[in-house]
Amino acid sequence: MGAPGSNAEAESQQAQARPEKRSVELTVNGERREFQIAPSVTLLDALREHLELTGTKKGCDHGQCGSCTVLVGGRRVLACLILAISEHQGEPIETIEGLARDDGVHPLQAAFVAHDALQCGYCTPGQIMSAIGLLREGRPADDDAIREGMAGNICRCGAYEGIVAAIRSISAGGVE
């Protein structure tokens with residue numbers, strides 16, 4: 001071992017401070033993925049940094065904006081608040097990338113475009129995933145129910161009327 005304060009000692013202390021990586025297996029958009037991560041890695045960071053699924057956005061990183069909304073086991077969750085190695089391991093995870101269809105975009109994505117429900121587009125993946133979850137939970141009865149169901153997703157551009165109109169336009173037909 002080197003003299004106190006040497007590079008070798010500093011490197012040794014840094015290595016000891018780093019958490020040991022663990023194996024995690026996630027099923028994302030129907031595909032089983034296995035990789036190594038530190039226990040403290042959030043689902044959001046695992047998706048973006050380890051699986052290169054960058055459609056899910058990092059907004060506030062505190063669970064307040066909804067930009068990171070994905071579906072886990074069919075339920076809407078904020079990926080920035082859940083550890084990748086968690087009680088949800090083994091449940092299917094759906095991200096915006098998983099919505100693509102052989103014949104084009106998902107009907108809700110098309111409705112967002114048709115109703116001008118996106119402006120800068122940053123929050124759009126989280127808005128769409130939250131809307132899919134909302135529609136799967138049951139048909140919102142009216143615009144107020146849609147607004148209430150989408151309250152956890154912030155759009156800094158203010159495209160709320162378009163978002164409500166897009167969701168309303170397909171709510172009667174259901175969503176897969």
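Residues numbered from 1 in each chain as written. Predicted model: local features only at pLDDT ≥ 70, side-chain atom pairs only at ≥ 80, totals over all residues. Heavy atoms only, no water.

Engineer: Help me out: how do you make sense of the overall build of the chain in this one?
Structural biologist: Scanning the chain from N- to C-terminus turns up six helices and five strands. From first element to last, N terminus to C terminus, the chain shows the α and β order α-β-β-α-β-β-β-α-α-α-α. Residue burial in the chain is summarised as follows: out of 176 residues, 42% are buried. Taken as a whole, the chain presents about 9,500 Å² of accessible surface, with 48% of it coming from carbon and sulfur. (Helix = DSSP H or I, 4+ residues; strand = E, 2+ residues; numbered from the N terminus. Buried < 20%, exposed > 50% of the residue type's maximum accessible area, 1.4 Å probe, protein only. Areas by Shrake-Rupley, 256 points an atom, 1.4 Å probe, with all protein chains shown as cover.)

Engineer: When you look at the nonpolar core in this model, what are you seeing that I'm missing?
Structural biologist: A general tendency of soluble globular proteins is for nonpolar side chains to be buried together. Formed by 23 residues in total, the largest nonpolar core has its most connected members in Leu108, Phe112, Ile128, Met150, Ile163 and Ile167. Listed by contribution, the elements that provide at least two residues to this core are helix H3 (107-114), helix H4 (124-137) and helix H6 (160-171). When sequence neighbours within four positions are dropped, the list of residues in contact with phenylalanine 112 reads Ala117, Leu118, Thr124, Gln127, Ile128, Ile163 and Ala166. Val28, Leu47, Val77 and Ala79 belong to the second largest nonpolar core, which has 22 residues in total. (Core = buried A, V, L, I, M, F, W, Y, C linked by side-chain atoms within 4.5 Å. Contact = heavy atoms within 4.5 Å.)

Engineer: What am I meant to see in H6 here?
Structural biologist: Each turn of an α-helix holds 3.6 residues, which means side chains three or four residues apart point in the same direction. Look at H6: 16 Å from first C-alpha to last across 12 residues, which is about the 16 Å you get at 1.5 Å a residue. Residues Gly162, Ile163, Val164, Ala165, Ala166, Ile167, Ile170 and Ser171 constitute the buried set of H6. For H6, the secondary structure elements touched by its buried residues are H3, H4 and helix H5 (143-149). (Expected span 1.5 Å × (residues − 1).)

Engineer: Help me understand unusual backbone geometry, please; the structure alone is not making it clear to me.
Structural biologist: Peptide bonds are mostly trans, and most non-glycine residues show a negative phi. Of note, the phi angle at asparagine 29 is positive, near 55 degrees, even though the residue is not glycine. Along the chain, the position of asparagine 29 falls in the loop between strand S1 (22-28) and strand S2 (31-37). Residues other than glycine seldom take positive phi values, yet aspartate 116 does so here, at roughly 50 degrees. By secondary structure assignment, the location of aspartate 116 is in the loop between H3 and H4. Given the relative accessible area of 52%, aspartate 116 is considered exposed.

Engineer: Could you clarify how one ought to interpret the pattern of salt bridges in this entry?
Structural biologist: Any two side chains of opposite charge can pair if their charged atoms end up close together. In this structure the tally under the stated criterion is 11 salt bridges. With a closest N to O distance of 3.1 Å, glutamate 34 and arginine 32 form a salt bridge. A relative accessible area of 52% means that arginine 32 is categorised as exposed. For arginine 76, the salt bridge identified is with glutamate 137, shortest N-O distance 3.0 Å. Of this pair, arginine 76 sits in strand S4 (residues 75-78) while glutamate 137 sits in helix H4; the two residues are 61 residues apart in sequence, bridging distant segments of the chain. Judged by its relative accessible area of 25%, arginine 76 falls in the partly exposed class. Given a relative accessible area of 51%, glutamate 137 falls into the exposed group. (Salt bridge = Lys/Arg side-chain N within 4 Å of Asp/Glu carboxyl O.)

Engineer: Is there a simple way to explain the packing of H4 against H6 in this structure?
Structural biologist: Each packed pair of helices is defined by two parameters, the angle between the axes and the distance between the axes. Relative to each other, H4 and H6 sit at 35 degrees, their axes nearing to 11 Å. Along this stretch, H4 crosses H6, giving a crossing that reads as right-handed. Between H4, through Gln127, Ala131 and Leu135, and H6, the contact on the second element is made entirely by Ile163, Ile167, Ile170 and Ser171. Taken together, the residues of the contact of H4 with H6 break down into five nonpolar, two polar and no charged. (Axes fitted to C-alpha atoms, helices over the stretch in contact; angles between N-to-C directions. Left-handed = near helix turned anticlockwise from the far one by under 90°. Nonpolar A, V, L, I, M, F, W, Y, C, P; charged D, E, K, R; others polar.)

Engineer: Just to check I follow, could you spell out the pairing of S4 for this structure?
Structural biologist: Consecutive residues of a regular strand have side chains that alternate between opposite faces of the sheet. As defined by bridge partners, strand S3 (residues 69-72) adjoins S4 across four bridges and the pair is classed as antiparallel. From the neighbouring strand, valine 72 faces S4, where its bridge partner is arginine 75. The antiparallel hairpin formed by S3 and S4 contains two residues in its connecting segment, where glycine 73 sits at a positive phi of about 60 degrees. (Pairing = 2+ DSSP bridges.)

Engineer: Could you clarify how one ought to interpret helix H2 (residues 43-50) in this entry?
Structural biologist: For H2, the complete set of buried residues consists of Leu43, Leu44, Asp45, Ala46 and Leu47. Looking at the buried residues of H2, the elements they touch are S1, S2, S3 and strand S5 (92-94). Where H2 terminates, the next one or two residues include glutamate 52, which has phi positive at roughly 60 degrees.

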